[in-house]
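Below, each chain spelled out in residue letters.
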Amino acid sequence: PAGPLGDDFSFVSPVAKYVLFFFNLLFWVSAGTPRHPAPEGHPDPGAVPAAVACLAVDPAILLVVVGVLTFLITFCGCVGSLRENICLLQMFSVCLTVIFLLQLAAGVLGFVFSDKARGKVSEIINGAIVHYRDDLDLQNLIDFGQKEFSCCGGVSYKDWSQNMYFNCTATNPSRERCSVPFSCCLHHDPQAVINTMCGHGMQARGYLEASAFIHTNGCIDKLVNWTHSNLFLLGGIALGLALPQLVGIVLAQLLINQIRDQIKLQLYNQQHRADPWS
């Protein structure tokens, strides 16, 4: 048999190793960057149970969860590639594969079961309306969505009656009774000062009368129409998210195989030195 390769020979490619390292380092640093502190208007302890019921749309909690997961996964890839640790690289590869398959399954299921997906979106939006005043981050997200899509409520502007502050029943003592958030209002000209009371009493008006002051169409139909008209954009975003994951999986598997070959080479060299006649 051929003699052992030199001790300076390595199957591990420095290109694959350091590309994977810097690839993970970039996401690791971004995931570890501290988020902005909660604003003073964040819910007090008494409002926490109500906010917990709407975790699915709480952007602060979503950012924390995504940041922690990204930090842990990229830590495995970063340290695993630098230290040539097969265990960490396998964990990194498996996590990326699971995330990729979940994204693929979510996309397929969302397309196949579009009606059920629409119902789930409707449920989430209605839950967000109910807890609008309980979480400042959630409130800002809803206001941004209503202004961006020029809509109000889920199906219509009268959905805001589900909120205890905007409820239109005669027994509601709130000063915002029968109102809608200012983000529902029509803004024809740029305003230096936003009139936050522009939606006052709009639920008590009919569609035609209210449409002169606010957006009366719900956000669900606007969101569905926007999705249908931007399928190529959404597909491009999905591809842009999937490609780095696939690159990471391929590089991790390539590096794992190279490390295993290097281990076999080292064992062979040790055996050959111990028994040169083998």
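These numbers come from a predicted model, not from an experiment. Numbering of residues starts from 1 in each chain and follows the order in which that chain's sequence is written. Two thresholds apply to this predicted model, a pLDDT of at least 70 for residue-level local features and 80 or more for giving and counting side-chain atom pairs, whereas whole-chain, interface and lining totals are computed over all residues. Excluding hydrogens and water, the side-chain figures rest on all heavy atoms present in the structure.

Colleague: Help me understand the side chain of D134 in this model?
Modeller: Tracing the chain through its elements places D134 in the loop between α5 (114-130) and α6 (136-149). R133 provides the closest opposite charge to the buried, salt-bridge-free D134, at an N-O distance of 8.4 Å. We define a polar contact as two N or O atoms separated by no more than 3.5 Å, with the added condition that, inside protein, one atom must be a possible hydrogen donor and the other a possible acceptor, whereas residues neighbouring each other in sequence contribute only through side-chain atom pairs. Polar contacts involving the side chain of D134 include one to the side chain of H131, which spans 3.0 Å. Runs of E in the DSSP output that reach at least two residues are strands. Runs of H or I that reach at least four are helices, and both are numbered from the N terminus. To sort residues, take the accessible area from a 1.4 Å probe on protein chains only and compare it with the maximum for the residue type: under 20% means buried, over 50% means exposed, and anything in between is partly exposed. Charged residues are defined narrowly, with Lys and Arg counted positive, Asp and Glu counted negative, and His plus the chain ends left uncounted. In what follows, salt bridge is the name for a side-chain nitrogen of Lys or Arg lying within 4 Å of a carboxyl oxygen of Asp or Glu.

Colleague: What's the story with the environment of P244 in this structure? I'm lost.
Modeller: Position of P244 relative to the elements: it lies in helix α9 (residues 231-274). C-alpha separation for the pair P244 and F23, spaced 221 residues apart in sequence, amounts to 8.8 Å.

Colleague: Please clarify how the nonpolar core should be interpreted in this entry.
Modeller: Note on soluble globular proteins: their nonpolar side chains tend to be buried together. For this analysis, a nonpolar core means a set of buried residues of the types Ala, Val, Leu, Ile, Met, Phe, Trp, Tyr and Cys, connected via side-chain atoms within 4.5 Å. Counting residues in hydrophobic clusters, the biggest one holds 19 residues, and the most contacted among them are I142, C152, Y157, W160, V180, C184 and I214. Those elements that place two or more of their residues in this core are α5 and α6. In terms of residues, this core owes the most to one element, α5, which gives three residues. Core analysis: the next-biggest nonpolar cluster, separate from the first, contains 16 residues, A16, L89, A252 and I259 among them.

Colleague: I would appreciate a short explanation of the UniProt feature "transmembrane region" (unreviewed entry) in the protein in the present structure.
Modeller: UniProt positions are given in the numbering used here, feature names are shortened, and annotations may be inferred rather than shown by experiment. The positions that UniProt labels "transmembrane region" (unreviewed entry) are, in the present scheme, residues 12-30, 50-75, 87-113 and 231-256. Secondary structure content for residues 231-256 is 100% helix and 0% strand, while the C-alpha to C-alpha distance between its ends is 37 Å.

Colleague: I keep staring at the state of the cysteines and nothing clicks. Help me out?
Modeller: A disulfide bridge is the covalent bond that connects two cysteines by way of their sulfur atoms. Pairs of cysteine sulfur atoms within 2.5 Å are what we label disulfides. Going through the model one piece at a time under the given rule, you end up with four disulfides. Covalent S-S linkage joins C151 and C219, the inter-sulfur distance amounting to 2.0 Å. Judged by the torsion about the S-S bond (90°), the C151/C219 disulfide is right-handed. Linking C151 in the loop between α6 and α7 (207-210) with C219 in helix α8 (residues 219-229), this pair joins segments that are 68 residues apart in sequence. When sorted by exposure, C151 lands in the same class as C219, which is buried. Between the sulfur of C152 and that of C184 lies a disulfide, 2.1 Å long from S to S. Disulfide C152 to C184: torsion about the S-S bond roughly 80°, handedness right-handed. Linking C152 in the loop between α6 and α7 with C184 in the loop between α6 and α7, this pair joins segments that are 32 residues apart in sequence. Judged by relative accessible area, which is 0%, C152 ranks as buried. For the protein, the bonded cysteines connect in the pattern 1-8, 2-5, 3-4, 6-7 when numbered consecutively along the sequence. The thiol sulfur of C87 is not disulfide-bonded, and the nearest other cysteine sulfur, from C76, lies at 8.3 Å.

Colleague: For this particular structure, what's the right way to read the packing of aromatic side chains?
Modeller: Aromatic ring pairs are defined here through the distance separating the ring centres and the angle between the ring planes. Aromatic rings from Phe, Tyr and Trp, with only the six-membered ring used for Trp, were paired whenever their centres fell within 6.5 Å, and each pair was classed as stacked if the ring planes differed by under 30 degrees, edge-to-face if by over 60, and tilted otherwise. Overall, the coordinates contain six aromatic pairs when judged by the stated rule. Between F149 and W226, the ring centres sit 6.0 Å apart and the planes meet at 85°, which makes this aromatic pair edge-to-face. Of this pair, F149 sits in helix α6 while W226 sits in helix α8, and the two are 77 residues apart along the sequence. Overall, F149 belongs to the partly exposed group, its relative accessible area being 24%. For W226, a relative accessible area of 33% gives the class partly exposed. An angle of 75° between the planes, with centres 5.5 Å apart, marks the rings of W160 and F166 as edge-to-face. For the pair W160 and F166, one class covers both residues: buried. In textbook terms, an aromatic cluster arises when at least three aromatic residues are bridged by ring pairs, as seen for Y132, W160 and F166.

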